[in-house]
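Observations on the three-dimensional arrangement
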Amino acid sequence: MTYGLIHRCALIRRAGRWALMFALFTAAPAAAQTAVDLQLVLAVDASGSVDQVRFDLQKRGYVAAFRHPRVLQAIRSGASQAIAVTMAQWTGPMLQVQVVGWTLVGDADTAGAFASAIEAAPRQLFGGGTSISGAIDYATTLFPKSPFRGARRVIDISGDGSNNRGRPVTLARDEAVAAGVGINGLPILALEPDLDRYYYDSVIGGPGAFVVAAQNYETFADAILKKLITEIAANERPRLLR
């Protein structure tokens, strides 16, 4: 066998080993992913209009919802009987932070643990404007980091004002929807009485997208409970729920 032939054979064997290693390393993350019915990002308003009392009312609403048996019942009704959920706070165009990491919720213990994690998470952002577009853009980047896989990916936006910082919210919405991400809205009408219509026209998007409005912060807990149950149940067409 000539040197050139020997060299080519060695290269082929080496290439084969690298191909096998590449296949193993790239296949491992996919194999490790857990199937869920929904991957959900809870994006919570922490802008300047949200004082600490209002922020705490929002937080308590989420905590109570994940401890509610009807939310667990909705989760358990899916094919995988589990969802993956994370929480982020948002304000200005470049001011967002993930405060509770991706968590598998499929029974009373995991739902309670996620509620406790929300309860323990401190407020990390204060002011900076209201950039719903920034919140959508940031939330979209969290899905590739999820260790779970599911057919539905949804961003749940709650807030008390229209977009006043960053790029137009409709552009962020349309790009997220084009990437296969749905957006639902929970506007709080304490400062802008018509904010639910704005969310319906400009913020939500994707199959089954909907709006549930809270008349004020005191009714936020009821609104988020209704919204989560509807969200997990996967509706078929855009709706404005009152």
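Brief notes about empty space enclosed by the protein
Summed over the entire model, instances satisfying the criterion amount to two cavities of 30 Å³ or more. In this structure, the largest cavity occupies an estimated 70 Å³ of space. For the largest cavity, the full set of lining residues is V44, F55, Q58, K59, Y62, M87, Q89, V99, I118 and A121. Breaking the lining of the largest cavity down by element, the ones donating at least two residues are α2 (52–66) and β2 (83–90). For the lining of the largest cavity, a count of residues per class yields seven nonpolar, two polar and one charged. Of the volumes computed, that of the second largest cavity is approximately 40 Å³. Forming the walls of the second largest cavity are V41, A43, A88, Q89, W90, Q96, A135, Y138 and A139. Residue assignment for the lining of the second largest cavity shows that the elements contributing at least two residues are β1 (34–45), β2 and α5 (132–142). Residues of the lining of the second largest cavity, tallied by class, amount to seven nonpolar, two polar and no charged.

Examining the packing of α2 against helix α4 (residues 108–120)
Contact geometry for α2 and α4: axes closest at 8 Å, N-to-C directions at 170 degrees. One element, α2, and the other, α4, form an angle in the roughly antiparallel class. Of the residues in α4, those in contact with K59, Y62, V63 and F66 of α2 are A111, G112, F114, A115, I118 and E119. Residues that form the contact of α2 with α4 fall into these classes: seven nonpolar, one polar and two charged.

Re the pattern of salt bridges
Here the structure, examined in full by the defined rule, presents seven salt bridges. In this structure, R67 engages E119 in a salt bridge whose closest nitrogen and oxygen atoms are separated by 3.1 Å. In this pair, R67 sits in the loop between α2 and α3 (69–76) while E119 sits in helix α4, placing the two residues 52 residues apart along the sequence. E119 sits in the partly exposed class, given a relative accessible area of 44%.

Here we look at the packing of aromatic side chains
Inspection of the entire model under this criterion finds four aromatic pairs. Their ring planes at 70 degrees and their centres at 4.9 Å tell us that F66 and F114 sit as a pair that is edge-to-face. Of this pair, F66 sits in helix α2 while F114 is found in helix α4, placing the two residues 48 residues apart along the sequence. As far as burial versus exposure is concerned, F66 and F114 are alike and both buried. The ring of F143 has R153 sitting right over it, with the charged end atom 5.7 Å from the ring centre.

Remarks on the environment of R153
Here R153 is to be found in strand β4 (residues 148–159). A relative accessible area of 26% places R153 in the partly exposed class. Sequence separation between R153 and F143 is ten residues, and the spatial gap between their C-alpha atoms is 7.6 Å. Leaving out residues up to four positions away in the same chain, R153 has contacts with Q39, F143, A179, G180, V181 and G182. From its side chain, R153 meets the backbone oxygen of A179 in a polar contact 2.5 Å long.

Thresholds, definitions, all that
- Here the residue numbering is sequential within each chain, running from 1 through the sequence in written order.
- Residue-level local features of this predicted model are given only where pLDDT is at least 70; pairs of side-chain atoms are given and counted only at 80 or more, and the full residue set underlies all totals for whole chains, interfaces and linings.
- Side-chain metrics rest on all non-hydrogen atoms present in the structure, leaving aside hydrogens and water.
- Whether a set of points on the 1 Å grid over the protein atoms alone is a cavity depends on a 1.4 Å probe fitting there but being unable to get out, while an open set qualifies as a pocket with protein on both sides within 12 Å along at least five of seven lines; lining residues are those with an atom within 4 Å of a point.
- Grid points are joined across faces, edges and corners, and a volume is the space filled by probe spheres set on the points.
- For the purposes of this entry, the term helix denotes a DSSP run of H or I that reaches at least four residues, the term strand denotes a run of E that reaches at least two, and both are numbered from the N terminus.
- Charged residues are taken to be Asp, Glu, Lys and Arg, nonpolar residues to be Ala, Val, Leu, Ile, Met, Phe, Trp, Tyr, Cys and Pro, and polar residues to be all remaining types, Gly included.
- Interaxial angles span 0 to 180 degrees and are taken between N-to-C directions of axes, which are lines fitted to C-alpha atoms, for helices over the stretch in contact.
- Note on angle classes: values under 35 degrees are labelled roughly parallel, values over 145 roughly antiparallel, values of 65 to 115 roughly perpendicular, and the remainder oblique.
- Only heavy atoms matter for contacts: two residues are in contact if any of them lie within 4.5 Å across the pair.
- Salt bridges are defined as contacts in which a side-chain nitrogen from Lys or Arg sits within 4 Å of a carboxyl oxygen from Asp or Glu.
- Only protein chains enter the accessibility calculation, which uses a 1.4 Å probe; a residue whose area is less than 20% of its type maximum is buried, one above 50% is exposed, and one in between is partly exposed.
- Stacked, tilted and edge-to-face pairs are distinguished by plane angle, under 30 degrees for stacked and over 60 for edge-to-face with tilted covering the rest, among Phe, Tyr and Trp rings (Trp via its six-membered ring) whose centres lie within 6.5 Å.
- Charge-over-ring placement is defined geometrically: NZ (Lys) or CZ (Arg) within 6 Å of the ring centre, and within 35 degrees of the ring normal.
- We call two N or O atoms a polar contact when they sit within 3.5 Å, provided that within protein one can donate a hydrogen and the other can accept it, with sequence-adjacent residues counted only if both atoms are side-chain atoms.

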